[in-house]
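Residues per chain, in single letters:
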Amino acid sequence: MTCLEIKNITKKFGDTKVLRGISFEMEKGEVIAIIGSSGSGKTTLLRCINFLEKCDTGSITVNGTEIYNAEKRDQYSDNYIRKSRLNFGMVFQSFNLFPQYDVLKNITLAPELMQIKRKMPDTEKKNIRRQIKEEAYELLKTVGLSEKAGAYPCELSGGQQQRVAIARALAMKPQILCFDEPTSALDPELTGEVLKAIKSLRDAGRTMIVVTHEMEFAKNVADRVIYMSDGIIEEIGTPQQIFSDAQSEKTRAFLQKSNYEF
Ligand SMILES: Nc1ncnc2c1ncn2[C@@H]1O[C@H](COP(=O)(O)OP(=O)(O)OP(=O)(O)O)[C@@H](O)[C@H]1O
Ligand SMILES: [Mg+2]
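Criteria and cut-off values
Throughout, a residue's number is its position along its own chain's written sequence, starting from 1. Chain letters start at A and ligand numbers start at 1, both assigned in the order the entries are written. A pLDDT threshold of at least 70 governs which residues receive local features in this predicted model, and a stricter bar of 80 or more applies before side-chain atom pairs are shown or counted, although totals over entire chains, interfaces and linings include all residues. Put simply, DSSP H or I for four residues or longer makes a helix, DSSP E for two residues or longer makes a strand, and each gets a number counted from the N terminus. To get the radius of gyration, use the C-alpha atoms; to get the globule rule, take the number of residues to the power 0.38 and multiply by 2.2 Å. We call a residue exposed when 12 or fewer other C-beta atoms sit within 10 Å of its C-beta, buried when the count reaches 20 or more, and partly exposed for counts in between; the C-beta positions come from the backbone. A residue pair is marked as a contact if its C-beta atoms, positioned from the backbone, fall within 7 Å. Nearness rests on one distance test: the residue's C-beta atom, set from the backbone, must lie within 6 Å of the molecule or strand. The angle between two axes is taken between their N-to-C directions and runs from 0 to 180 degrees, where each axis is a line fitted to C-alpha atoms and a helix contributes only its stretch in contact. Note on terminology: angles under 35 degrees are roughly parallel, angles over 145 are roughly antiparallel, angles of 65 to 115 are roughly perpendicular, and the others are oblique. Two helices that cross are described as forming a left-handed crossing if the nearer one is turned anticlockwise from the farther one by less than a right angle, and a right-handed crossing if clockwise. Under the scheme applied here, ten amino acids are nonpolar (Ala, Val, Leu, Ile, Met, Phe, Trp, Tyr, Cys and Pro), four are charged (Asp, Glu, Lys and Arg), and all others, including Gly, are polar. To count as a nonpolar core, a set of buried Ala, Val, Leu, Ile, Met, Phe, Trp, Tyr and Cys residues must be joined through C-beta atoms within 7 Å. Here a strand pair is declared whenever DSSP counts at least two bridges between the two strands.

A. Geometry of the overall build of the protein chain. The helix and strand tally for the protein chain stands at nine helices and ten strands. For 262 residues, the compact-globule estimate of 2.2 N^0.38 gives 18 Å, and the C-alpha radius of gyration of the protein chain, at 19 Å, lies within 12% of that figure. Considering only C-alpha atoms, the protein chain reaches an extent of 60 × 45 × 35 Å along its principal axes. Taken across its 262 residues, the protein chain has 37% of its residues classed as buried. Looking at the protein chain alone, contacts between residues at least 24 apart form 65% of all its contacts between residues at least 6 apart.

B. Region of interest: the site of ligand 1. The local shell around ligand 1 consists of Phe13, Val18, Gly36, Ser38, Gly39, Ser40, Gly41, Lys42, Thr43 and Thr44. Top contributing element to the shell around ligand 1 by residue count: helix α1 (residues 42–49), with three residues.

C. The packing of helix α3 (residues 103–115) against helix α4 (residues 122–142), seen in detail. α4 packs onto α3 with a crossing angle of 140° between their chain directions and a minimal axis gap of 9 Å. Relative to α4, the element α3 is oriented oblique. Where α3 crosses over α4, the two elements pack in a sense that is right-handed. Within the contact between the two elements, α3 uses Leu104, Ile107, Thr108, Pro111, Glu112 and Gln115 and α4 uses Ile128, Arg129, Ile132, Lys133, Ala136 and Leu139. Here the contact of α3 with α4 is built from residues that sort into seven nonpolar, two polar and three charged.

D. Examining the nonpolar core more closely. Ranked by size, the top nonpolar core spans 67 residues in total, and within it Ala33, Ala167, Cys178 and Val210 carry the most contacts. Considering every element that reaches this core, the biggest residue donor is helix α5 (residues 158–171), with seven residues. When near neighbours in sequence (up to four residues on either side) are disregarded, Ala167 contacts Ile107, Leu139, Leu140, Thr142 and Val143.

E. Structural detail: the packing of α5 against helix α6 (residues 188–203). One can describe the packing of α5 onto α6 by two numbers: an axis separation of 8 Å at closest approach and a directional angle of 20°. Accordingly, the angle class assigned to the pair α5 and α6 is roughly parallel. The handedness of the crossing between α5 and α6 comes out as right-handed. Facing α5, whose interface residues are Gly158, Gly159, Gln162, Arg163 and Ile166, α6 presents Leu190, Glu193, Val194 and Ala197.

F. Layout of the sheet that holds strand β5 (residues 65–69). Taken together, the four strands give an open sheet; going across it, the order is β2-β1-β4-β5, and neighbouring strands pair in antiparallel fashion. One side of each edge strand has no neighbouring strand; the edge strands of this open sheet are β2 (16–27) and β5. The average undirected angle you get between the axes of adjacent strands in this sheet is 20°. Two elements, strand β1 (residues 2–13) and strand β4 (residues 57–62), share five bridges in a ladder whose sense is antiparallel. The residue bridging Thr10 from the neighbouring strand is Thr57, located in β4.

Take a look at the structure:
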């Protein structure tokens with residue numbers, strides 16, 4: 001089943017055309033890695049998909065429902081955009097945890113704000129809180145941090161903080177999880193544990209878009225790889241096609257520059 005359909009997204013900042021017509025589809029459970037040199041528009045694409053930027057043209061369809069069409073961009077209310085954004089979970093390079101809250105609270109805060117309404121009876125609030133907490137413990141187990149529920153972000157390594165950020169994104173039950181270079185702020189010895197967590201999410205059937213500089217990871221974990229250059233998809237294919245049989249000269253040059261061994 002097609003889970004996400006991106007059609008002809010363009011985005012300009014001033015006179016600079018950063019995205020020049022991006023289209024792709026992904027299936028439920030698919031993992032797409034996006035690679036490309038600095039400034040090619042990878043972050044901007046993720047930000048457009050998450051409505052952190054409004055694209056100038058194009059549309060975004062999730063599970064068959066068009067949730068954004070640039071032609072109607074001025075008609076969408078903030079509330080509509082906030083709701084639509086829930087289709088996507090974002091994990092950024094900088095983990096952005098709340099330093100004043102422990103790990104558990106970092107994960108439960110947003111679901112509680114969303115699900116608990118002021119007018120609800122106290123017993124219902126309590127039930128929802130308990131349910132959210134139970135789910136948070138499950139998510140912590142998924143990212144291998146069960147024992148850190150009561151720790152504060154400053155007591156965690158960068159890799160652990162990033163895994164909490166992943167659990168936090170999952171707590172909102174997004175259809176699609178998007179990562180923007182989730183390991184590039186980490187010391188090399190900590191990247192492995194985060195990549196392992198993402199890999200286990202893949203094995204659990206999560207639909208994910210991962211912008212990454214980790215070529216080995218893209219090769220081993222992604223179902224398909226997108227190589228972006230100058231705001232377009234220069235090439236898209238299986239890791240085998242991209243890494244061993246790239247059709248585009250630009251793709252081959254990029255991979256060579258990244259010291260990727262063919
Ligand atoms: N808010 C903005 N205003 C103006 N220009 C921007 C803005 N955001 C991004 N750009 C420009 O758009 C281009 C693409 O940026 P983007 O951050 O999407 O690239 P990237 O592929 O994610 O690069 P990197 O690998 O370094 O993260 C760059 O030239 C950047 O300067
Ligand atoms: Mg970027």
